[in-house]
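Here's the letter readout for the chains.
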Amino acid sequence: MKEQTEVGKLKEGRYVVVDDEPCRIVSIATSKPGKHGAAKSRIDCIGIFDGVKRSIVQPVSAKVYVPVVERKIAQVISIAGTTVQFMDVKDFEMFELNVTAEEAAGLEPGKEVAYISSLGKKKLE
């Protein structure tokens, strides 16, 4: 899910969709309006799921998408190498995530962990 908002209303620490990837805003630089144009904003952000740095330059009045980022709790069901099966505590949805070896070492069946969900992607916090 995503919502639409104006570039001028965005703030640092919030989220924005860039290249179909939800990103956390790191910095915003806004220029003054010139003789022939509107004020523009340069937004630097980092992808939530892939960690890639991205930036966009848009007029302050332009519309951009803001992702709905949810923090949820899941219970570990099973661990097979680096693939871990989880079940959401509220809606009992089952899903699998590939985690690093050190993250898998800290998990055990029955343990509850926090995760982030946005635009159909999931990641452990």
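Each value, and the rule that gives it
Residues numbered from 1 in each chain as written. Predicted model: local features only at pLDDT ≥ 70, side-chain atom pairs only at ≥ 80, totals over all residues. Heavy atoms only, no water. Helix = DSSP H or I, 4+ residues; strand = E, 2+ residues; numbered from the N terminus. Rg over C-alpha atoms; globule rule 2.2 N^0.38 Å. Buried < 20%, exposed > 50% of the residue type's maximum accessible area, 1.4 Å probe, protein only. UniProt positions renumbered as here; feature names shortened; annotations may be inferred. Polar contact = N/O pair within 3.5 Å; in protein donor to acceptor, adjacent residues only side chain to side chain. Contact = heavy atoms within 4.5 Å. Salt bridge = Lys/Arg side-chain N within 4 Å of Asp/Glu carboxyl O.

## Brief notes about the overall build of the protein chain
- Looking only at helices and strands, the protein chain has one helix and eleven strands in total.
- Traced from its N-terminal end to its C-terminal end, the protein chain shows the element sequence β-β-β-β-β-β-β-β-β-α-β-β.
- Radius of gyration (C-alpha) of the protein chain: 18 Å, far over the 14 Å computed for a compact globule of 125 residues.
- The principal-axis extent of the C-alpha atoms belonging to the protein chain is close to 65 × 30 × 20 Å.
- The buried share among the 125 residues of the protein chain stands at 34%.

## Looking at the UniProt feature "domain: Translation initiation factor 5A C-terminal" (unreviewed entry) in the protein chain
- UniProt records the feature "domain: Translation initiation factor 5A C-terminal" (unreviewed entry) for residues 68–124 in the present numbering.
- In residues 68–124, helix accounts for 9% and strand for 58%; the two terminal C-alpha atoms are 17 Å from one another.

## Some thoughts on the environment of Glu12
- Checked against the element boundaries, Glu12 lands in the loop between strand 1 (2–6) and strand 2 (15–18).
- For Glu12, a relative accessible area of 52% puts it in the exposed group.
- Between the alpha carbons of Glu12 and Ile25 there is a distance of 5.1 Å; along the sequence they are 13 residues apart.

## A few points about the side chain of Ser118
- Along the chain, Ser118 falls in strand 10 (residues 112–118).
- Judged by its relative accessible area of 2%, Ser118 falls in the buried class.
- A polar atom in the side chain of Ser118 sits 3.5 Å from the backbone oxygen of Val68.
- Setting aside residues up to four positions removed in sequence, Ser118 forms contacts with Pro22, Phe49, Pro67, Val68 and Val69.

## With respect to the pattern of salt bridges
- What the rule picks out here adds up to seven salt bridges.
- Of the charged contacts, one joins Asp19 and Arg54 as a salt bridge, the two residues approaching to 3.8 Å between their closest N and O atoms. Taken together, the residues span a long stretch of sequence, with Asp19 in the loop between strand 2 and strand 3 (21–30) and Arg54 in strand 5 (residues 53–59) at a distance of 35 residues.
- Overall, Asp19 belongs to the exposed group, its relative accessible area being 64%.

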